[in-house]
Amino acid sequence: MTLMGCSRRSLLIGAGAAVLATPALAQRAWEPTRPVQFIVPAGTGGGADQMARVIQGIVSKHKLMRQPMVVVNKAGGAGAEGFLEAKGARGNPHMIVITLSNLFTTPLATGVPFSWGDLTPVAMLALDEFVLWVNAESPWKTAQEFVAAAKQERLKLGGTGSKQEDQIIGVAMAKATGTNLTYVPFRGGGEVAVQLVGRHIDASVNNPIEAVTHWRSGALRPLCVFDGQRLAGTEKITETASWSDIPTAKESGMDVEYLMLRGIFMPAGVQPAQLAFYEDLLGKVRETQEWRELMQQGAFNTTSLTGEAFRAWLTREEARHRELMQEAGFVA
């Protein structure tokens, strides 16, 4: 079962871009005149929170903006709290939001009156992967062994939130393998990883960036990645393994594929010059070594989109998620 099409991997770096060793603030038609609120509609420690704070650090370090950027987590209602605040801030150019695929799933699951069309799309920064993780002390060395065990007993699969991306993957796994998994929701990916390290759950579907430190320390073991192709990273994460060593779910006998949006939006009703400022700002962020290191560490699919191409992608993915949510029985 293919849950989400995988775009060709590409790191879109502006041709001839200079290294930002001593960046100078160029003359712009518009720039922020007060601190910019950077809303994260998810909990602390998760992939979206980590990415937002890396962006904040890059902007500050390289002096890409005169005003500070302030990260604020608003995770209530599976992110609805953050989305509704942005929806209500129409015309405010001093607010941006980092989005997950809960941009699609939260309105469908909760009935909250919101859609991505209530915001201004700025840029897709990347697509995030999902990996099936188990505790390194568990007996399962492969996804096939995990599935065989799940057919014998009801195992607990941890993930972020209810009726969101992680649970969609859990439902797809169960349907693809004929297993019964008990889904256990937590507030964020960081908490999910800690619960798996403590063996309070049997497995998780976490983003690479949320579990990589525990893999490196020897506490967790990856079994498969829910992508149509293996991850690109060949550098060793542990003494013996790299991201590219993790088999795909399909290689492991599960026809399940899902990638998650990492994008930036503004409130609706902003001016073209204000949108252009943030497009330019994020372009400069992607040119930095710190961003490249984040992409490598988190094994991201580095596809990036702006403008009409991003809007067209959002339209397609909203329709795809409606089908997925209906199939899983998650639509409010």
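Not measured: the values here are computed from a predicted model. (Residues numbered from 1 in each chain as written. Predicted model: local features only at pLDDT ≥ 70, side-chain atom pairs only at ≥ 80, totals over all residues. Heavy atoms only, no water.)

Visitor: Whenever I open this one, the overall build of the chain confuses me. Can you help?
Guide: Helices and strands together make up the secondary structure of the chain, namely 10 helices and 11 strands. Sorting the 332 residues of the chain into buried and exposed places 55% on the buried side. Nonlocal contacts in the chain, meaning residues at least 24 apart in sequence, comprise 82% of its contacts between residues at least 6 apart. Surface exposure of the chain reaches about 13400 Å², of which carbon and sulfur atoms provide 51%. (Helix = DSSP H or I, 4+ residues; strand = E, 2+ residues; numbered from the N terminus. Buried < 20%, exposed > 50% of the residue type's maximum accessible area, 1.4 Å probe, protein only. Contact = heavy atoms within 4.5 Å. Areas by Shrake-Rupley, 256 points an atom, 1.4 Å probe, with all protein chains shown as cover.)

Visitor: Is there a simple way to explain the confidence of the model for the chain in this structure?
Guide: For any part of a model where pLDDT is low, the fine detail of the predicted coordinates should not be relied upon. In the predicted model, the chain carries a mean pLDDT of 91, and the fraction of residues at 70 or more is 92%. Overall, residues 5–27 carries pLDDT values under 50, and its contacts beyond four positions in sequence, including any with other chains, amount to 45 contacts. (pLDDT = per-residue confidence, 0-100.)

Visitor: So what exactly am I meant to see when it comes to the side chain of Arg262 here?
Guide: Assignment of secondary structure puts Arg262 in strand S10 (residues 260–267). Side-chain polar atoms of Arg262 contact the side chain of Asn207, separated by 3.0 Å. Among residues more than four places away in sequence, those in contact with Arg262 are Gly47, Ala48, Met51, Thr99, Leu100, Met124, Leu125, Ala126, Asp128, Asn207 and Phe300. (Polar contact = N/O pair within 3.5 Å; in protein donor to acceptor, adjacent residues only side chain to side chain.)

Visitor: How should I be thinking about the nonpolar core in this particular structure?
Guide: As a rule of thumb, nonpolar side chains are buried together in soluble globular proteins. Counting residues in each nonpolar core, the largest one holds 61 residues, and the members touching the most others are Leu132, Phe146, Met173, Phe226 and Met254. The element contributing the most residues to this core is helix H1 (residues 47–61), with 6 residues. Not counting residues within four places of it along the chain, the set of residues in contact with Phe146 comprises Leu132, Val134, Trp140, Leu155, Met173, Leu181, Ala203 and Leu223. Met95, Phe114, Met124 and Phe310 belong to the second-largest nonpolar core, a separate cluster that totals 21 residues. (Core = buried A, V, L, I, M, F, W, Y, C linked by side-chain atoms within 4.5 Å.)

Visitor: Would you explain the pattern of salt bridges in this entry?
Guide: For the structure shown, the criterion picks out 13 salt bridges. One salt bridge in this structure joins Lys236 and Asp245, with 4.0 Å as the shortest N-O distance. Its salt-bridge partner being Asp280, residue Lys284 comes within 2.9 Å of it at the nearest N-O pair. Taken as a pair, Lys284 and Asp280 lie in helix H8 (residues 272–286) at a separation of 4 residues, close to a single helical turn. Judged by its relative accessible area of 22%, Lys284 is partly exposed. (Salt bridge = Lys/Arg side-chain N within 4 Å of Asp/Glu carboxyl O.)

Visitor: I tried to follow the packing of aromatic side chains on my own but got confused; where do I start?
Guide: Remark: the centre distance and the inter-plane angle together describe each pair of aromatic rings, the angle taken between the planes. All chains considered together, the criterion is met by 11 aromatic pairs. Ring centres of Phe277 and Tyr278 lie 5.0 Å apart, and the angle between their planes is 90 degrees; on these two criteria the pair is classed as edge-to-face. Since its relative accessible area comes to 1%, Tyr278 is described here as buried. (Phe/Tyr/Trp six-rings, centres within 6.5 Å; stacked < 30°, edge-to-face > 60°.)

Visitor: I tried to follow the sheet that holds S10 on my own but got confused; where do I start?
Guide: Backbone-to-backbone hydrogen bonds join strands into a sheet, with any given pair of strands oriented parallel or antiparallel. In space, the 6 strands of this open sheet follow the order S2-S1-S3-S10-S4-S11, with mixed pairing throughout. Taken across any chain shown, the strands that pair with only one partner, and hence form the sheet edges, are strand S2 (69–73) and strand S11 (305–306). Pairing geometry for strand S4 (residues 119–128) and S10, over 8 bridges, is antiparallel. Pairing of Ala126 across the sheet is with Arg262, part of S10. Sitting on the sheet, helix H2 (residues 80–87) is in contact with strand S1 (36–40), strand S3 (95–99), S4 and S10, with an inclination near 145 degrees to S3. (Pairing = 2+ DSSP bridges. Axes fitted to C-alpha atoms, helices over the stretch in contact; angles between N-to-C directions.)

Visitor: Explain the packing of helix H3 (residues 102–110) against helix H10 (residues 307–328) to me, please; I cannot follow it from the model alone.
Guide: A pair of packed helices is captured by two measures, namely the crossing angle of their axes and the spacing between those axes. Remark: H3 packs on H10, axes separated minimally by 9 Å, with the N-to-C direction vectors making an angle of 40 degrees. One element, H3, and the other, H10, form an angle in the oblique class. The crossing of H3 and H10 is right-handed. Contact with H3, carried on its side by Leu103, Phe104, Thr105, Leu108 and Ala109, involves Trp313, Leu314, Glu317, Glu318, His321, Arg322 and Met325 of H10 and no other residues of that element. Taken together, the residues of the contact of H3 with H10 sort by class into 7 nonpolar, 2 polar and 3 charged. (Parallel < 35°, antiparallel > 145°, perpendicular 65-115°, else oblique. Left-handed = near helix turned anticlockwise from the far one by under 90°. Nonpolar A, V, L, I, M, F, W, Y, C, P; charged D, E, K, R; others polar.)

Visitor: It is not clear to me how the sheet that holds strand S9 (residues 220–225) should be interpreted in this structure. Could you clarify?
Guide: With mixed pairing, 5 strands are arranged side by side in an open sheet as S7-S6-S8-S5-S9. Here the strands that pair on one side only, and so sit at the sheet edges, are strand S7 (181–186) and S9. Each neighbouring strand pair of the sheet contributes to a mean axis angle of 30 degrees, computed without reference to strand direction.

Visitor: Mind showing me how you'd approach helix H6 (residues 189–197) here?
Guide: Side chains of residues three or four places apart in an α-helix project in the same direction, reflecting 3.6 residues per turn. For H6, the full list of buried residues reads Gly189, Gly190, Val192, Ala193, Gln195 and Leu196. Those residues of H6 that are buried are in contact with strand S5 (131–135), strand S6 (155–160), S7, strand S8 (203–206), helix H7 (208–216) and S9. Directly beyond the C-terminal end of H6, a positive phi value near 60 degrees is found at Arg199.

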